[in-house]
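Listed here are the chains, written in short residue letters.
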Number of protein chains: 2
Amino acid sequence: MITLYGDLRSRAHRVAWMLKELEMPFEHVPTHFLDGSTRTPEYLRINPNGRVPALKDGDLVLFESLAINLYLARKYGGPLAPSDLREDALATQWTLWVLTEIEKPLLLTAANLFLFAEGERNAQEAEAMKRKLGRPFKVLDAHLREQPFLLGDRFTVADLNVSSVMTLVPLSGMTLDEWPALNAWLTQCLERPAAADWKPIRFRIPRPPTPLAMLESFV
Amino acid sequence: MITLYGDLRSRAHRVAWMLKELEMPFEHVPTHFLDGSTRTPEYLRINPNGRVPALKDGDLVLFESLAINLYLARKYGGPLAPSDLREDALATQWTLWVLTEIEKPLLLTAANLFLFAEGERNAQEAEAMKRKLGRPFKVLDAHLREQPFLLGDRFTVADLNVSSVMTLVPLSGMTLDEWPALNAWLTQCLERPAAADWKPIRFRIPRPPTPLAMLESFV
């Protein structure tokens, strides 16, 4: 039996997407990250990092949403799984790449477009982060001009992991018109029926009050 | 034939370490990241991100240092490789975890301890980042009190990946006395003969002049 911990307005939506693609039944424990539930002694025994999501599959307990998805694909994945070592290497590469290049600058862009309260948004910060994202977006767009999905002709865990980090693009109203292949691919991925849990994500984060606090929150 | 691109004072040292553990011969192209060599049209055909390292193994080209190491372990790994799906899941988990929790706060700590010029260091920033690192360091220490290595009784790619991101701890003179199991494990990993390329790493980065530029550099 598989158990997924984490409210679906958190990064847990990434894992719920994978489980739904695989049509795997799972128990859902909607531990929330804003009300202290991730810091209880009980939860810390499941994930000592005090974060969601976490996944239990028999006696294996995993944290890190995108690592969980790679595991689920490898173990149960059918067409979403890497078919050989080469595909596994590329799926792992793109998964690490989206964390390194996109996740945090995109979060700070989104913060300044809609996660911070209206009076707390800083247009210069949003612009600087969008400029930073231009580099990986261009890489992804060029790659997707050559082939419809990250590993070739079919949707795999690589597409799921990379696009699931990018839900903040449509949520924040950013446009990707400059990168048409990326834009079409992202829409296609995020419109898959199994993906829909990201759509109602709504939360606010308070703007950290000082430059030092900004670094503490976003680095 | 395997080719590794990247000066060993960059993240390429992580991959060189893996190749040396595996006793794999490789061609080394010491593309440097500070002199423009990673942005030439020739290099961008190898890694469109304009970063080092990159690895060529036959006709497979990979970027992202820690993904390259997981690939090398899976393909050529012997005792460093995950032995089954469970170990592979955990090696992937710890690899993503060190990127999410440790890499950037540690870089900003190190910047304020030795990578920025002396007059540009900010003790408050270093303290804030060390405070942030306290959380993942505690998780790692608790885990390593239970078992000598991340996956159990032997040194694997999980240990190599996590500890190779943490070379900035000894390089910047941080002490880990609060976390004795982590401290002993890190010393043991980084003292392996194959790891030695990190030791002569010396470079300076200029302090970005404004809070916005700090976010642009470190987020």
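Predicted, not measured: the structure shown is a model, and the values here were computed from it. (Residues numbered from 1 in each chain as written. Chains lettered and ligands numbered in written order. Predicted model: local features only at pLDDT ≥ 70, side-chain atom pairs only at ≥ 80, totals over all residues. Heavy atoms only, no water.)

Considering the UniProt feature "domain: GST N-terminal" (unreviewed entry) in chain A
Alright, step 1. In the numbering used here, UniProt assigns the "domain: GST N-terminal" (unreviewed entry) feature to residues 1–80 of chain A.
Alright, step 2. Structurally, residues 1–80 of chain A comprises 35% helix and 19% strand, and the distance from its first C-alpha atom to its last is 21 Å. (UniProt positions renumbered as here; feature names shortened; annotations may be inferred. Helix = DSSP H or I, 4+ residues; strand = E, 2+ residues; numbered from the N terminus.)

Some remarks on the nonpolar core
Alright, step 1. One finds Met 166 and Trp 185 of chain A together with Met 166 and Trp 185 of chain B to be the most contacted residues of the largest nonpolar core, which totals 146 residues.
Alright, step 2. Discounting residues that sit within four places of it in the chain, Trp 185 of chain A has contacts with Leu 140, Leu 144, Pro 148, Phe 149, Leu 150, Asp 159, Val 162, Ser 163 and Met 166 of chain A. (Core = buried A, V, L, I, M, F, W, Y, C linked by side-chain atoms within 4.5 Å. Buried < 20%, exposed > 50% of the residue type's maximum accessible area, 1.4 Å probe, protein only. Contact = heavy atoms within 4.5 Å.)

Thoughts on the interface of chain B and chain A
Alright, step 1. The interface of chain B with chain A comprises 49 residues on the first partner and 49 residues on the second.
Alright, step 2. Buried area between chain B and chain A, both sides added, is near 4,500 Å², and the carbon and sulfur share of it is 64%.
Alright, step 3. Taken together, the connections running from chain B to chain A amount to 6 salt bridges.
Alright, step 4. With its nearest N and O atoms 2.5 Å apart, the salt bridge here joins Arg 51 of chain B to Glu 101 of chain A.
Alright, step 5. There are 20 residue pairs in polar contact (both at pLDDT 80 or more) connecting chain B and chain A.
Alright, step 6. Where the side of chain B that touches chain A is concerned, the elements lending two or more residues are β4 (60–63), α3 (65–76), α4 (85–115), α5 (123–146) and α9 (211–218) of chain B.
Alright, step 7. It is α4 of chain B that provides the largest number of residues to the side of chain B that touches chain A, a total of 17 residues.
Alright, step 8. Counted by class, the side of chain B that touches chain A contains 27 nonpolar, 8 polar and 14 charged residues. (Buried area = accessible area lost by both parts, 1.4 Å probe. Salt bridge = Lys/Arg side-chain N within 4 Å of Asp/Glu carboxyl O. Polar contact = N/O pair within 3.5 Å; in protein donor to acceptor, adjacent residues only side chain to side chain. Nonpolar A, V, L, I, M, F, W, Y, C, P; charged D, E, K, R; others polar.)

Topic: the domain arrangement of chain A
Residues and elements named next belong to chain A.
Alright, step 1. Here chain A is partitioned into domain 1 (2–79) and domain 2 (83–198).
Alright, step 2. Put simply, the middle of domain 1 and the middle of domain 2, counted by C-alpha atoms, are 21 Å apart.
Alright, step 3. Taken together, the contact pairs 15 residues of domain 1 with 24 residues of domain 2.
Alright, step 4. When the buried surface of domain 1 facing domain 2 is broken down by residue, Trp 17, Leu 66 and Leu 70 rank first, second and third, together holding 40% of it.
Alright, step 5. Seen at the junction of domain 1 and domain 2, the total is 5 salt bridges.
Alright, step 6. In this structure, the connection of domain 1 to domain 2 is made through 9 residue pairs in polar contact (both at pLDDT 80 or more).
Alright, step 7. Here the side of domain 1 that touches domain 2 takes 7 residues from helix α1 (residues 12–21), the largest share from any one element.
Alright, step 8. Considered class by class, the residues forming the side of domain 1 that touches domain 2 number 8 nonpolar, 2 polar and 5 charged. (Domains from an automatic or database assignment.)

What about the UniProt feature "domain: GST C-terminal" (unreviewed entry) in chain A?
Alright, step 1. Mapped onto this numbering, the UniProt entry gives "domain: GST C-terminal" (unreviewed entry) at residues 84–212 of chain A.
Alright, step 2. In residues 84–212 of chain A, the share of helix is 64% and the share of strand is 0%. The end C-alpha atoms are 45 Å apart.

Brief notes about the packing of α5 of chain B against helix α8 (residues 180–190) of chain B
For any two helices packed against each other, the geometry comes down to the angle between their axes and how far apart the axes lie.
Residue and element names in this part refer to chain B.
Alright, step 1. At a minimum axis separation of 7 Å, α5 and α8 run at an interaxial angle of 80 degrees. Taken together, the axis directions place α5 and α8 in an arrangement best described as roughly perpendicular. The residues of α8 that touch α5, namely those facing Phe 137, Leu 140, Asp 141, Leu 144 and Arg 145, are Pro 180, Ala 181, Leu 182 and Trp 185.
Alright, step 2. Along the lines of polarity and charge, the residues of the contact of α5 with α8 split into 7 nonpolar, no polar and 2 charged. (Axes fitted to C-alpha atoms, helices over the stretch in contact; angles between N-to-C directions. Parallel < 35°, antiparallel > 145°, perpendicular 65-115°, else oblique.)

Observations concerning the sheet that holds β4 of chain B
Residue and element names in this part refer to chain B.
Alright, step 1. Strands sit in the order β2-β1-β3-β4 across an open sheet of 4 strands; the sheet is mixed. In this open sheet, the two strands that pair with only one neighbour each are β2 (27–29) and β4. The sheet shows a mean angle of 15 degrees between the axes of neighbouring strands, taken without regard to direction.
Alright, step 2. As paired strands, strand β1 (residues 2–5) and β2 are joined by 3 bridges and run parallel to one another. By the bridge assignment, Leu 4 is partnered in β2 with His 28.
Alright, step 3. Helix α1 (residues 12–21) contacts β1 and β3 (54–57) of the sheet and is inclined by roughly 155 degrees relative to β1.
Alright, step 4. With respect to the sheet, α3 is in contact with β1, β3 and β4, its orientation differing from that of β3 by roughly 25 degrees. (Pairing = 2+ DSSP bridges.)

Looking at the relation of the copies chain B and chain A
Alright, step 1. With an axial shift of 0.0 Å and an RMSD of 0.0 Å, the rotation relating chain B to chain A amounts to 180 degrees. Such a combination of turn and shift is consistent with a two-fold rotation axis. No C-alpha of chain B lies nearer the rotation axis than that of Val 219 of chain B, which sits 2.4 Å from it.
Alright, step 2. A shared binding surface is used by both copies, with 100% of the interface residues of chain B retained as interface residues in chain A. (Least-squares fit on C-alpha atoms with pLDDT ≥ 70 in both.)

A word on unusual backbone geometry
Residue and element names in this part refer to chain A.
Alright, step 1. That bond from Val 52 to Pro 53 is cis: its omega, 0 degrees, falls within 30 degrees of zero.
Alright, step 2. Here Pro 53 is to be found in the loop between α2 (41–46) and β3 (54–57).
Alright, step 3. Although it is not a glycine, Glu 64 adopts a positive phi angle of roughly 75 degrees.
Alright, step 4. As for its placement among the helices and strands, Glu 64 is situated in the loop between β4 (60–63) and α3 (65–76).
Alright, step 5. Look at Glu 64 and you get buried, because its relative accessible area is 15%.

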